[in-house]
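Chain by chain, the residues run as shown.
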Amino acid sequence: MAVDELQAVIQRCQILEEADFKGEDFNLFQVAGQKCLEDGHAAQLLEVIQNEKNKVIIKNMGWNLISPLVRCIFMYKQEDDKREQCLRILDQLAQLCNPKELFLGLLEQIEQTSGEQVCQTVMLLLQPLQTVLLKLQNKKAYSVGLSLAMIMNQLTPLPVPYTKQQIQEDKLGLCQCCNAVVDFAKPFVNEVVKNTEKSSEYNDMELKEELIKFCMKSLKYPLLTAQLEQLEGIEEHPFRHFATEIIDILWNIGELIPLVFVPHKSKTPHWENQEFADIERKNSADSLACLSYLIFVQHLGVECFPVVFSPSYLLLCNMTHIEMLLKRTEESVLSKGLDLFESCLLRMEDNSLLHHYLEFRDFINVPQDLVKIMTLCPMEHMGKKSLNILQLLIDKFDTEGKYTLFRCLLKTSNHAGVEGYIIKNIKDQIHLALTKEHDNIWFTGHHLISLLDLVLSLPEGAETDLLQNSDRIMASLNLLRYLVIKDCESDNQTGVWTTLGKIEQNFLKTLRVGLNMSKAHYEAEIKNKKENRKEAHSSNTVCSVTVSGEKMPPMTTGMQLQVLHSALFTFDLIESVLARVEELIEVKTKAVMDEN
């Protein structure tokens, strides 16, 4: 029945001129063709399409069969003969239909797909879409760009496989689809290369720009969030292969080096709406950061670069990308920022990074971002890696750079543990200054005294929370103890003896008062808790505790006492070091007075 209806439509249209086809004819052909497909008569429909007499009809009306054809292909199993016949129909339509009409039909089908069928649909239609685009004469660049943009927009909502198992399973087919899209783009890349060698006509430049946009979108998704390390058991990592192909496209069209070293080369459309302009800028920044990661960490395409750039220049070029990546919270993106920073620093020799680089805002912002990751990131391994990279950065700066960075971090970190770590680094630099033969003006004399004013102080005087600031206070006392032992008053290389009276008044005495106040407060708390426990029926009375506005898990009285005793132990530890420092100062001062 369906085949008869189709034959009737065909016979009716065969006697008409192409210009006489009406809307009714198109509808009748579509309905009859769809019925043939749904009733399992794909073989008969294929015969009709292949019949030379029907060439004009198929050219004008064939594109209407795309939607039902795709549905039927997915309905049949892989090995079904009818599926194979449907695929042959699709191939014939790509060869025979009006390219413009079929192009719009294929794009519409890709746009309408969603969910688990996105990748299957895209991979199914890539070949006919490529065939049609290669036939187009007018607006080819625009059509290629529209196709690639539509495909990437459909893929972007899909989750990117991250673990080894997810990549191997490739449940939604994203890995396979991404590489299929690159193959789809290759003829157009070759066209740009070929035409560029001959001349640089406007159309070729337009096609080139569309390919750059595709590469930039691919760098942001899926590559920015993809796991790109080599995985054992996976012979060819699909995302590494995809990344390599994207870099090859950029290299072949002559845009790789300009994008890496001249970021503004990335052309973005002019938006009157500021919000759209900001989104476009952010997308471009994400893509360029990913590109740098692929080249400098994964070494993809690195053989294309001339070996003429200094390590410090490469670091400078990448700092904007590093800052952008370190501000992200996704592990896959944040880890790329840390890896890129580490890779750039490892290329440099210690003490070779000039202090002038700290005049660039990125070189001040990035260490602060590292501190935030160290102190706020819930992923412990990320925090540890950030600490290691911060130390690596400190090691690379020259002496003045170290000094400036220390001052900056002491003022901005707002974290006692970080401040304690910086103070320990200051102590190490002072030790080098005192033991090396050549002068070091930054960690001796008046420069050091200025730094010690920051180090040997309590943020809120005697009322400072000593427990919360214990790491900083212990590091400061250890530094002062080292200075008193190592630097004789007669030499006074560090200048600490000149300013000792100020240190004693503003730091040591204030700390002593703070310790006495804190110990008295905690001892009173312990006494109250013990008295309350005696009054209670049992020691397992539970109460709630609030810290920094957040309610902590319930604590028994016994647990509270344990916390209070732990605090007292910390105060005792600080007091013992404080007493030792005071004793050393007294002994050294008395010895000098005796000599005099």
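All figures in this text were calculated on a predicted structure; none of them were measured in a lab.

**Re the overall build of the chain**
Stage number 1. Looking only at helices and strands, one finds 25 helices and 4 strands in the chain.
Stage number 2. Taking all 596 residues of the chain together, 49% fall into the buried category.
Stage number 3. A separation of at least 24 residues holds for 74% of the contacts in the chain among residues at least 6 apart in sequence.

**Observations regarding the pattern of salt bridges**
Stage number 1. Inspection of every chain in the model, using the stated rule, returns 23 salt bridges.
Stage number 2. A salt bridge links Glu575 to Arg512; the nearest nitrogen and oxygen atoms lie 2.9 Å apart. Here Glu575, found in helix 25 (residues 557-595), pairs with Arg512, found in helix 24 (residues 500-535); they are 63 residues apart in sequence, far enough to count as distant.
Stage number 3. Residue classification places Arg512 among the partly exposed residues on the basis of a relative accessible area of 21%.
Stage number 4. Salt-bridge contacts for Lys519 lead to Asp572; the nearest nitrogen and oxygen are separated by 3.3 Å. Taken as a pair, Lys519 in helix 24 and Asp572 in helix 25 lie far apart in primary sequence, 53 residues in all.
Stage number 5. Here Lys519 falls in the buried class, since its relative accessible area comes to 16%.
Stage number 6. Each of Arg512, Lys519, Asp572, Glu575 and Glu582 takes part in a single network of salt bridges with overlapping partners.

**Some remarks on helix 19 (residues 380-396)**
Stage number 1. Relative to the 24 Å expected for 17 residues at 1.5 Å per residue, helix 19 spans 25 Å between its end C-alpha atoms, a close match to the ideal helical length.
Stage number 2. Those residues of helix 19 that fall on the buried side of the exposure criterion are Met382, Gly383, Ser386, Ile389, Leu390, Gln391, Leu392, Leu393, Ile394 and Lys396.
Stage number 3. Lining the buried residues of helix 19 we find helix 17 (331-346), helix 18 (361-376), helix 20 (399-412) and helix 21 (416-435).

**Thoughts on the packing of helix 5 (residues 66-75) against helix 8 (residues 118-135)**
Stage number 1. Close contact between helix 5 and helix 8 brings their axes to 11 Å; oriented N to C, the two are set at 115 degrees. For the crossing formed where helix 5 meets helix 8, the hand is right-handed. Contacts between helix 5 and helix 8 involve Val70, Ile73 and Phe74 from the first element and Gln120, Thr121, Leu124 and Leu125 from the second.
Stage number 2. Class assignment for the residues of the contact of helix 5 with helix 8 results in 5 nonpolar, 2 polar and no charged.

**What to know about the state of the cysteines**
Stage number 1. For the structure shown, the criterion picks out 0 disulfides.
Stage number 2. Not engaged in a disulfide, the cysteine Cys119 finds its nearest cysteine sulfur in Cys177; these two sulfurs lie 4.3 Å apart.

**Here we look at the confidence of the model for the chain**
Stage number 1. The share of residues in the chain with pLDDT of 70 or more is 88%, and the mean pLDDT across the chain is 87.
Stage number 2. Low pLDDT, under 50, characterises residues 264-268; the predicted model gives this stretch 9 contacts beyond four residues in sequence or across chains.

**Overview of the packing of aromatic side chains**
Stage number 1. Within the structure shown, the criterion is met by 13 aromatic pairs.
Stage number 2. With centroids separated by 6.2 Å and ring planes inclined at 40 degrees, the aromatic side chains of Tyr357 and Phe360 adopt a geometry described as tilted.
Stage number 3. Under the relative-accessibility criterion, Tyr357 is labelled buried at 15%.
Stage number 4. Ring centres of Tyr522 and Phe571 lie 5.3 Å apart, and the angle between their planes is 75 degrees; on these two criteria the pair is classed as edge-to-face.

**Some remarks on unusual backbone geometry**
Stage number 1. For the bond running from Tyr221 to Pro222, omega is 10 degrees, close enough to zero to count as cis.
Stage number 2. With respect to the secondary-structure elements, Pro222 resides in helix 12 (residues 202-223).
Stage number 3. Of note, the phi angle at Asp170 is positive, near 45 degrees, even though the residue is not glycine.
Stage number 4. Looking at the element boundaries, Asp170 is found in the loop between helix 10 (164-169) and helix 11 (174-198).
Stage number 5. Exposure remark for Asp170: the relative accessible area of 15% places this residue in the buried category.

**Focus on helix 17**
Stage number 1. Counted at 1.5 Å a residue, the expected span for helix 17 with its 16 residues is 22 Å, and the 22 Å between its end C-alpha atoms agrees.
Stage number 2. Judged by how many residues are buried, helix 17 sits mostly within the fold: 13 of 16 residues are covered.

**Re the environment of Ser352**
Stage number 1. Of note, Ser352 is situated in the loop between helix 17 and helix 18.
Stage number 2. In this structure the C-alpha to C-alpha distance between Ser352 and Lys396, which are 44 residues apart in sequence, comes to 5.8 Å.

**Here we look at the environment of Thr121**
Stage number 1. Among the structural elements, Thr121 can be located in helix 8.
Stage number 2. Classification of Thr121 by relative accessible area gives buried; the value is 2%.
Stage number 3. Put simply, Thr121 and Phe74 are 47 residues apart on the chain and 8.8 Å apart in space, counted from C-alpha to C-alpha.
Stage number 4. Those residues in contact with Thr121 that sit more than four places away from it in its chain are Phe74, Gln109 and Thr113.

**Observations regarding the side chain of Arg407**
Stage number 1. Locating Arg407 in the fold gives a position in helix 20.
Stage number 2. Asp453 provides the closest opposite charge to the buried, unpaired Arg407, separated from it by 7.2 Å.

**Section: the side chain of Thr444**
Stage number 1. With respect to the helices, strands and loops of the structure, Thr444 is situated in the loop between helix 21 and helix 22 (445-455).
Stage number 2. Reaching out from Thr444, the side chain makes a polar contact with the backbone oxygen of Asn440 at a distance of 2.6 Å.
Stage number 3. Residues in contact with Thr444, not counting those within four places in the same chain, are Ala433, Gln493 and Thr494.

What counts and what doesn't
Residues numbered from 1 in each chain as written. Predicted model: local features only at pLDDT ≥ 70, side-chain atom pairs only at ≥ 80, totals over all residues. Heavy atoms only, no water. Helix = DSSP H or I, 4+ residues; strand = E, 2+ residues; numbered from the N terminus. Buried < 20%, exposed > 50% of the residue type's maximum accessible area, 1.4 Å probe, protein only. Contact = heavy atoms within 4.5 Å. Salt bridge = Lys/Arg side-chain N within 4 Å of Asp/Glu carboxyl O. Expected span 1.5 Å × (residues − 1). Axes fitted to C-alpha atoms, helices over the stretch in contact; angles between N-to-C directions. Left-handed = near helix turned anticlockwise from the far one by under 90°. Nonpolar A, V, L, I, M, F, W, Y, C, P; charged D, E, K, R; others polar. Disulfide = S-S within 2.5 Å. pLDDT = per-residue confidence, 0-100. Phe/Tyr/Trp six-rings, centres within 6.5 Å; stacked < 30°, edge-to-face > 60°. Lys, Arg positive; Asp, Glu negative; His and termini not counted. Polar contact = N/O pair within 3.5 Å; in protein donor to acceptor, adjacent residues only side chain to side chain.

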